[in-house]
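Observations on the three-dimensional arrangement
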Number of protein chains: 2
Amino acid sequence: MRDTDLPTRRLRTWLRLLRLTRGTENHLREYLRLNHDTTLPRFDVMAALHRANSPVKMSDLSRQLLVSNGNATAVVERLEKEGLAARVPGEGDRRVVLVALTDKGRAVFEAQAADHKAEVDRLFSMLGHEELDALRDILHRVEEASDGAIG
Amino acid sequence: MRDTDLPTRRLRTWLRLLRLTRGTENHLREYLRLNHDTTLPRFDVMAALHRANSPVKMSDLSRQLLVSNGNATAVVERLEKEGLAARVPGEGDRRVVLVALTDKGRAVFEAQAADHKAEVDRLFSMLGHEELDALRDILHRVEEASDGAIG
DNA sequence: GCCTGAAATTTTAAACTTGAAATACATTTG
DNA sequence: CAAATGTATTTCAAGTTTAAAATTTCAGGC
């Protein structure tokens, strides 16, 4: 591996990274299902709404989560049906739809988020400040360079 | 961020990593769709079959790709319908089903894979040997520790 | 004020994905 | 060997996801 060419190393690294995130997502999916009877996409949408702490445009939501508009609509629809989120028409522009967590949604999410954070902490417990620093530098480099091409 | 506690740093790093892989997957999905009229799951399955270079058990396939058995069945079914892969019953154990690329499938995949590798190389062109070394060490650490919990 | 083009969202069809149930075969145990 | 248990795969229902088409509204130019 020492003298492998760059393109091959980049490909292998990407495949390994992908594998790691898939495995982690699988673990977290099962965790959320067993402990909170919810799914990753629901959790992700609720996390984005909670983070915003004020109504979010559908288009901003899908942009933030890197999913299609149609997908955001579908997940929000189910959250709404369960009383966890609510949609309201935008004030000025009548095309706009804003979404926010309901009180129930906020309470439910906060319980989920605490456990989720603890589980992520467990999954990455082998990474200390030093490794996190190194990883941050690398992520920063990738984010800088791709800017738009990726997210 | 300097003096943020470890659990929070781990969570933020995970979210950033997830975002990076989502963005990269989105880019590669579009790339494969536009240039090779195919999808990521199809590509992944064909890559696993090509890599094995001999018929693969359905269960090994889904384990390798970290997807459910039902998912592997569905994707293989579509590849088979297009003449890119073929299923044959296992020799000894009659429950077993083996899958392999057809000649056409192999040829199609090799063309896709070359372009895919070049595109990944482009996406990660900001990472040189040094960063790849650092990333490898971190990935190794995570893989070692999670062993089973994740992959 | 109307027309044209752009933007925000939803709808739709098809594919993907999971988790659980069903099926078929194999292995162990009594 | 028969029953029970376990393994490999498929089937199924429901949810997720995308890409494209359809809707509705907005903004600018005429």
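Quick caveat: nothing in here was measured; it's all calculated off a predicted structure. (Residues numbered from 1 in each chain as written. Chains lettered and ligands numbered in written order. Predicted model: local features only at pLDDT ≥ 70, side-chain atom pairs only at ≥ 80, totals over all residues. Heavy atoms only, no water.)

1. Quick word on the protein's contact with DNA strand D
Selection rule: Any residue with a heavy atom positioned within 4 Å of a molecule or strand is treated as near that molecule or strand. Each polar contact in these results corresponds to two N or O atoms within 3.5 Å; when the atoms are within protein, one needs to be able to donate a hydrogen and the other to accept it, and residues that are neighboring in sequence are counted only if both atoms are side-chain atoms. Asp, Glu, Lys and Arg are counted as charged, while Ala, Val, Leu, Ile, Met, Phe, Trp, Tyr, Cys and Pro are counted as nonpolar; the rest, among them Gly, fall into the polar class.
Close to DNA strand D lie 27 residues; R42(A), R78(A), S59(B), N69(B) and R95(B) are nearest. By atom count, sugar and phosphate contribute 74% of the portion of DNA strand D lying within 4 Å of the protein. Here a phosphate oxygen of DNA strand D and a side-chain polar atom of R42(A) are 2.7 Å apart. Side-chain polar atom of R78(A) to a phosphate oxygen of DNA strand D: 2.4 Å apart, as the coordinates give it. Class assignment of the residues belonging to the surface near DNA strand D gives a composition of 7 nonpolar, 9 polar and 11 charged.

2. Digging into the sheet that holds strand β3 (residues 97-101) of chain B
All names here are of chain B. Note the threshold: By this definition, two strands are paired if DSSP reports at least two bridges between them. Only DSSP runs of H or I with at least four residues qualify as helices, and only runs of E with at least two residues qualify as strands; both kinds are numbered from the N terminus onward. Every residue pair with non-hydrogen atoms within 4.5 Å of one another is taken to be in contact. For helices, the fitted axis covers only the stretch in contact; all axes are lines through C-alpha atoms, and the angles between them, taken along N-to-C directions, range from 0 to 180 degrees.
Strand order in this open sheet of 3 strands is β1-β3-β2, and the pairing throughout is antiparallel. Since the sheet does not close on itself, it has two edges, and those belong to β1 (56-57) and β2 (85-89), each with one partner. Where β2 meets β3, 5 bridges bridge the pair, whose relative direction is antiparallel. By the bridge assignment, R87 is partnered in β3 with V99. Packed onto the sheet, helix α4 (residues 69-81) meets β2 and β3 and runs at close to 115 degrees relative to β2.

3. Section: the pattern of salt bridges
Keep this limit in mind: Salt bridges are counted wherever a side-chain nitrogen of Lys or Arg sits within 4 Å of a carboxyl oxygen of Asp or Glu. To sort residues, take the accessible area from a 1.4 Å probe on protein chains only and compare it with the maximum for the residue type: under 20% means buried, over 50% means exposed, and anything in between is partly exposed.
For the structure shown, the criterion picks out 30 salt bridges over all chains. For R16(A), the salt bridge identified is with E143(B), shortest N-O distance 3.0 Å. Of this pair, R16(A) sits in helix α1 (residues 6-36) while E143(B) sits in helix α6 (residues 129-146), each in a different chain. Take E143(B): its relative accessible area is 32%, and that puts it in the partly exposed class. Three or more residues joined by partner-sharing salt bridges are found here, namely R9(A), D133(B), R136(B) and D137(B).

4. Digging into the protein's contact with DNA strand C
Surrounding DNA strand C, one finds 27 residues, the nearest of these being S59(A), N69(A), T39(B), R42(B) and R78(B). Take the atoms of DNA strand C that sit within 4 Å of the protein: sugar and phosphate atoms are 74% of them. With respect to DNA strand C, the side chain of R78(B) contributes an N or O atom lying 2.4 Å from a phosphate oxygen. For the surface near DNA strand C, the secondary structure elements donating two or more residues are α1, α3 (58-65) and α4 (69-81) of chain A together with α2 (40-52) and α4 of chain B. Residues belonging to the surface near DNA strand C are distributed by class as follows: 7 nonpolar, 9 polar and 11 charged.

Function cannot be read off these values alone, since they describe shape.
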